[in-house]
Amino acid sequence: MSEKKKGTSLTTLCYIEKENQYLMLHRVKKEKDVNKDKWIGVGGHFEPEETPEECLLREVKEETGLTLTSWKFCGIVTFIADQWDMVEYMCLYKADGFTGELTDCTEGDLEWVEKDKVYDLPIWEGDKIFFHLMEEKEDFFSLKLCYNGDKLVEAVLDGRKMEL
């Protein structure tokens, strides 16, 4: 992790909840995708001059067809990976209110998954940490996740290194 990163990327990620389930996106449709074959929430990169909430609402609508009516900003997640030349700052949300009908997503397959089954899916190791935080922690949090390849090598929560 000692090599200096060349820039930053700002993104949002949202886990939409319904009846003890999360709406998960199985990333299988893009060839060049850092999340290829993983299950994640919905979201994406900020457009110029967008606020985190504007990005959240736009990305959820684009990827799912749903319009959020109730959401919570849970935390900021900083991703550093040896294979990326940028640091990603991700605004993490969960949402429990929406209108509309699910549509097909160009980035993968959308599926409602029982919350306790999410941990069994092929997800990033660090995602397990923030799922736990979203479920257990009421306060806003800052989480730093460092990867070598697909392996999580460091996690720092609110400035304190975590045991892996």
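Quick note: structure is the one above.
A few points on the structure. In this text the structure is predicted, and so the values were computed from the model without any measurement.

**Some remarks on the overall build of the protein chain**
Step number 1: Counting its regular elements, the protein chain contains 2 helices and 10 strands.
Step number 2: Ordered by position in the sequence, the α and β elements of the protein chain form the string β-β-β-β-α-β-β-β-α-β-β-β.
Step number 3: Over its C-alpha atoms the protein chain spans a radius of gyration of 15 Å, differing by no more than 12% from the 15 Å that the globule rule assigns to 164 residues.
Step number 4: With respect to the three principal axes, the spread of C-alpha positions in the protein chain is 45 × 30 × 30 Å.
Step number 5: Residue burial in the protein chain is summarised as follows: out of 164 residues, 48% are buried.
Step number 6: Within the protein chain, contacts between residues at least 6 apart in sequence are counted, and of these 64% link residues at least 24 apart.
Step number 7: If the 22 positive side-chain charges of the protein chain are averaged to one point and the 36 negative ones to another, these points end up 5 Å apart.

**A short note on the pairing of strand 6 (residues 86-99)**
Step number 1: With 10 bridges connecting them, strand 1 (residues 7-18) and strand 6 associate as parallel partners. Residue pairing across strands places S9 opposite E88, the latter belonging to strand 6.
Step number 2: Pairing analysis gives 11 bridges linking strand 5 (residues 67-81) to strand 6, with the strands arranged antiparallel. In the sheet register, S70 faces strand 6, and the bridge partner there is G97.
Step number 3: Remark: 4 residues form the turn of the hairpin made by strand 5 and strand 6, two consecutive strands paired antiparallel.

**Structural notes on the pattern of salt bridges**
Two side chains that carry opposite charge are able to pair once their charged atoms sit near each other.
Step number 1: The full count for this structure, using the stated rule, is 11 salt bridges.
Step number 2: Its salt-bridge partner being E138, residue K72 comes within 3.9 Å of it at the nearest N-O pair. With K72 in strand 5 and E138 in the loop between helix 2 (125-136) and strand 8 (141-148), this pair connects stretches of sequence that are 66 residues apart.
Step number 3: It is possible to trace a salt-bridge network through shared partners that takes in E47, E50, R58, E59 and E62.

**Description of the side chain of E17**
Step number 1: Among the secondary structure elements, E17 is positioned in strand 1.
Step number 2: Its relative accessible area of 14% is what places E17 among the buried residues.

**Focus: the layout of surface pockets**
Step number 1: In this structure, the largest pocket occupies an estimated 590 Å³ of space.
Step number 2: Every residue lining the largest pocket is counted, 28 residues in all, and those nearest its centre are T11, V34, N35, H45 and E88.
Step number 3: If you list the elements that add at least two residues to the lining of the largest pocket, you get strand 1, strand 4 (42-45), helix 1 (52-64), strand 6 and helix 2.
Step number 4: Of the residues that constitute the lining of the largest pocket, the class distribution is 11 nonpolar, 7 polar and 10 charged.

Here is what the cut-offs are and how they apply
- Residues numbered from 1 in each chain as written.
- Predicted model: local features only at pLDDT ≥ 70, side-chain atom pairs only at ≥ 80, totals over all residues.
- Heavy atoms only, no water.
- Helix = DSSP H or I, 4+ residues; strand = E, 2+ residues; numbered from the N terminus.
- Rg over C-alpha atoms; globule rule 2.2 N^0.38 Å.
- Buried < 20%, exposed > 50% of the residue type's maximum accessible area, 1.4 Å probe, protein only.
- Contact = heavy atoms within 4.5 Å.
- Lys, Arg positive; Asp, Glu negative; His and termini not counted.
- Charge placed at Lys NZ, Arg CZ, Asp CG, Glu CD.
- Pairing = 2+ DSSP bridges.
- Salt bridge = Lys/Arg side-chain N within 4 Å of Asp/Glu carboxyl O.
- 1 Å grid on protein atoms, 1.4 Å probe; cavity = no way out; pocket = protein on both sides within 12 Å on 5 of 7 lines; lining within 4 Å.
- Points joined across faces, edges and corners; volume = space filled by probe spheres on them.
- Nonpolar A, V, L, I, M, F, W, Y, C, P; charged D, E, K, R; others polar.

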